[in-house]
Structure formats: structure tokens, C-alpha cells
There are 2 protein chains.
Amino acid sequence: MKPLGNLPSLEAVIQELGKLPGIGPKSATGLGYHLVSLPPERVKRLAELLQVLPDRIGYCSACGMLTESDPCVFCREPSRDRSLLCVVEESLDALSIEKSGAFNGLYHVLGGTLSPLDGVGPAELRVKELLERLKSDEIKEVILATNPSVEGEATASYLRNLIADLGSGIQLSRFARGLPIGGDLVYTDEETLALALQTRKPMEGE
Amino acid sequence: MKPLGNLPSLEAVIQELGKLPGIGPKSATGLGYHLVSLPPERVKRLAELLQVLPDRIGYCSACGMLTESDPCVFCREPSRDRSLLCVVEESLDALSIEKSGAFNGLYHVLGGTLSPLDGVGPAELRVKELLERLKSDEIKEVILATNPSVEGEATASYLRNLIADLGSGIQLSRFARGLPIGGDLVYTDEETLALALQTRKPMEGE
């Protein structure tokens, strides 16, 4: 909503909130008014947390993950399988994989995908660091877990060629594709449906 | 998502964001990760704005509106019609009415609706202040602009009786009801539809 000049401090907060992803002008206004209805301590607590956030957060020197300690908890944990490396676009992707509970290897965060039109080439991603790790570490398998998008696929292809060229015999893999669990045929996009049909598996059991 | 211990500062921010209305755990996580991807100055600017917010915002001593100056811009503006008073639940309601551009009187913010089950009686709202204004000010019409909800209607009824008892000959009114402009019959709730039908108006022109 347009500022009315009555509440410049609140309007400044609303404007900043409205710049965040997924928060439109109406939500930002609602959030702003909610903030002034909260006990002052709660707003100040959020302010203090935000104030220190940028100084506390950095990147793991080994895997590129967002972390407050270097190396990060994943790289530091001795029980993790150091022969298995999962390459992801962003730290948040690793968090999602971690939540699945199905992975116990190490991560490597690229920091995005190749996107020549946006000026993102291999030098803008942590590709050199990935190759260094593959040369020196005891990695046997690399899961190229970039997103199943055009950019994610292109990045995975590029990395596959690069890693194959190393001639190190490292196994490369990519997440399986198909219908999501709990998905609905009607709401599945045509490409996924076609792929799921073409790569159908024999039913087990009897 | 469950905290992983890697980013306690970020997780604290995500937790606070997740307590705000309309921000679920997934949105809060996304927002948190977006915040750490921003230039530190932007996050710190938001932090500073939030830090001063609770100290800067107060209530207008005349109308109860959230404001940074007392009296607020509405009460202070000499061009506004002081014979017309619009009673709203919250400051944000007044902002919406103001945005419509159709109102040029003064406001009175109740600070909520009567809600006996939540312990909100007339003493918890700015009802006494409203009656004081009606006795002393030059008000000729009061628009009871509480929401068209059960609580809003009950509060409007209560105020109507109270103001009628003053015997001051003040005109009372309430917003018209019906189909919203650009609305769709199919998506209109039954009560609104029934009311719009019962209170239908003869078509003008020919």
C-alpha cells in the first residue's frame, strides 16, 4: 500500500520486507503491522539476530557449505562416508537431502548452476575446488545432485565430462527420476510422466 | 526443517521468522537462506530498522491510531471533515479505507472487537475515549466500520446502543454489503449472495 507519511519507521520496515522473496506488498504491510503489535523485546530480539547474522555466517573451506564453523559439521563428522560426494547447487539443497536421512557422505556446494546468459561460467562456481577434491580425496562416487531443470542438467553434463576427463575411474550418478511419492498422475507434468513410463520397472513380489 | 547444528545464528533467525503470521517453516527457511545471500549491509539495514521500530511507534492520543507523531497526520490535517467519524477495529483498517480515497473524515481505532471468551470487554477497547469524543467534538455522523464478522457485528451493535443512549442525535451508519466489484457469483459465500439478492437495487438508466 502507498505510504501515508504517518509511520515512516514502519513504512521503511515494510518496504524492506517487501523486497524479500515470496513477500508481496500486502504481506509486507501485514507483517509490518504485526511486528508493531508484538512485545518490543521480540522485535528487538529479531533485530539483534539479524544484526549479527552476516558476520557469523561464512562458507566451509572444504565443501563450500554455509557454516558458522570451519570446517562445517558435515566435513568434520568422522562417521560420514568420505568416499561418497554429493554435488549440489546450494547449501539449502544439501539441507533437504540431509533431511531425507538417506545420505551419509560429504557434500560439495557449487554455488549455483552454469548460466552463460547471466555471466555464470565454471569460474563463478566452485568447479576448480571440486576437481581438486577429486584429485586428492578418497572419493569413489560423485552424485551430481543439481536440480532436474535445464540449467541443472546442463551443469551436471558439463561436470560429467570434466570428471570423466580426469580418468580417475570415479563412479558418477544422478538422482532417479519418476513420479514423486504421493503424486497424482493428473497433476504430473508430461515430461515426467513420459520419462516415468519409458523407464518403468518390473513389479516385484507376487 | 529441523536444525542441523551447522548454523545456529541462521536457525535462530529462521525460528523467529517462522513465528510471524503467514510464514510457515518452509518459507522461514527459504527467507533465512535468502537473507544470508544478501549483501550484509541490507540485512543490517533491516536489523537497524527493526531495532528502532518499537521505540518510534506509539498511539495517537486523539484517535488511537498507530503513529510516530502525536496527534497523528489524520487528526492534525485541517482539511479533514471533523463532523464525520469512522470507527475501525485496527489502524490497518483505517489505512485500507484511506487507500480507497473515499473518506475524508476522522478515525477512531478501537484496538479490536468485543470478545468475552478472550476477556476483551468494552474496558479493553477504546470505547470510553469514543464516548468522550462524541460528547465534546462536533461529530454529526459515526460510521461503525468494524469488520463484517460475528465479532465485528456484535461490537457495532453494542456501540450503536451505547451511542443511541447518549441521545445526541448523531447519525450512525455502517458500510453497504453485497457482491464485491469484480467478484464472481460462483465464489461468493452463500450468506453474502442471499443478502445481495434480498437487498437488490433497481437498475438505473435505460
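Description of the structure in this document. Every value quoted in this text rests on a predicted model; they were computed, and no experiment measured them.

Procedures and definitions
- Residues numbered from 1 in each chain as written.
- Chains lettered and ligands numbered in written order.
- Predicted model: local features only at pLDDT ≥ 70, side-chain atom pairs only at ≥ 80, totals over all residues.
- Heavy atoms only, no water.
- 1 Å grid on protein atoms, 1.4 Å probe; cavity = no way out; pocket = protein on both sides within 12 Å on 5 of 7 lines; lining within 4 Å.
- Points joined across faces, edges and corners; volume = space filled by probe spheres on them.
- Helix = DSSP H or I, 4+ residues; strand = E, 2+ residues; numbered from the N terminus.
- Nonpolar A, V, L, I, M, F, W, Y, C, P; charged D, E, K, R; others polar.
- Contact = heavy atoms within 4.5 Å.
- Buried area = accessible area lost by both parts, 1.4 Å probe.
- Salt bridge = Lys/Arg side-chain N within 4 Å of Asp/Glu carboxyl O.
- Polar contact = N/O pair within 3.5 Å; in protein donor to acceptor, adjacent residues only side chain to side chain.

## A short note on empty space enclosed by the protein
Step number 1: Summed over all chains, the structure comprises 4 cavities of 30 Å³ or more.
Step number 2: Considering only enclosed or pocket space, the largest cavity measures out at about 70 Å³ in volume.
Step number 3: Along its surface, the largest cavity is lined by 11 residues, and A:Phe74, A:Leu95, B:Asn6, B:Leu7 and B:Tyr33 are the ones closest to its centre.
Step number 4: Broken down by element, the residue count for the lining of the largest cavity peaks at 3 residues, all from helix α5 (residues 91–100) of chain A.
Step number 5: When grouped by side-chain class, the residues that make up the lining of the largest cavity number 8 nonpolar, 2 polar and 1 charged.

## Describing the interface of chain A and chain B
Step number 1: Each side of the interface is counted separately: chain A has 54 residues, and chain B has 54 residues.
Step number 2: Of the roughly 5200 Å² buried where chain A meets chain B, counting both sides, 71% is carbon and sulfur surface.
Step number 3: Summed over the shared surface of chain A and chain B, the number is 4 salt bridges.
Step number 4: Taking the shortest distance from any N to any O, the salt bridge between A:Lys44 and B:Asp55 comes out at 2.9 Å.
Step number 5: At the junction of chain A with chain B, the criterion picks out 10 residue pairs in polar contact (both at pLDDT 80 or more).
Step number 6: For the side of chain A that touches chain B, the elements supplying multiple residues, two or more each, are α1 (8–18), α2 (25–37), α3 (40–56), β2 (66–67), α4 (73–76) and α5 of chain A.
Step number 7: With 15 residues, the single largest contributor to the side of chain A that touches chain B is α3(A).
Step number 8: Of the residues in the side of chain A that touches chain B, the class split is 32 nonpolar, 10 polar and 12 charged.

## A word on the layout of surface pockets
All names here are of chain B.
Step number 1: Reported here for the largest pocket is a volume of approximately 710 Å³.
Step number 2: Along the walls of the largest pocket sit 27 residues, with Asn147, Pro148, Phe175, Ala176 and Arg177 positioned nearest its centre.
Step number 3: At the level of elements, α5 (91–100), β5 (141–144) and α8 (190–198) are the ones that each hand at least two residues to the lining of the largest pocket.
Step number 4: Broken down by element, the residue count for the lining of the largest pocket peaks at 5 residues, all from α5.
Step number 5: Grouping the constituent residues of the lining of the largest pocket by class yields 15 nonpolar, 6 polar and 6 charged.

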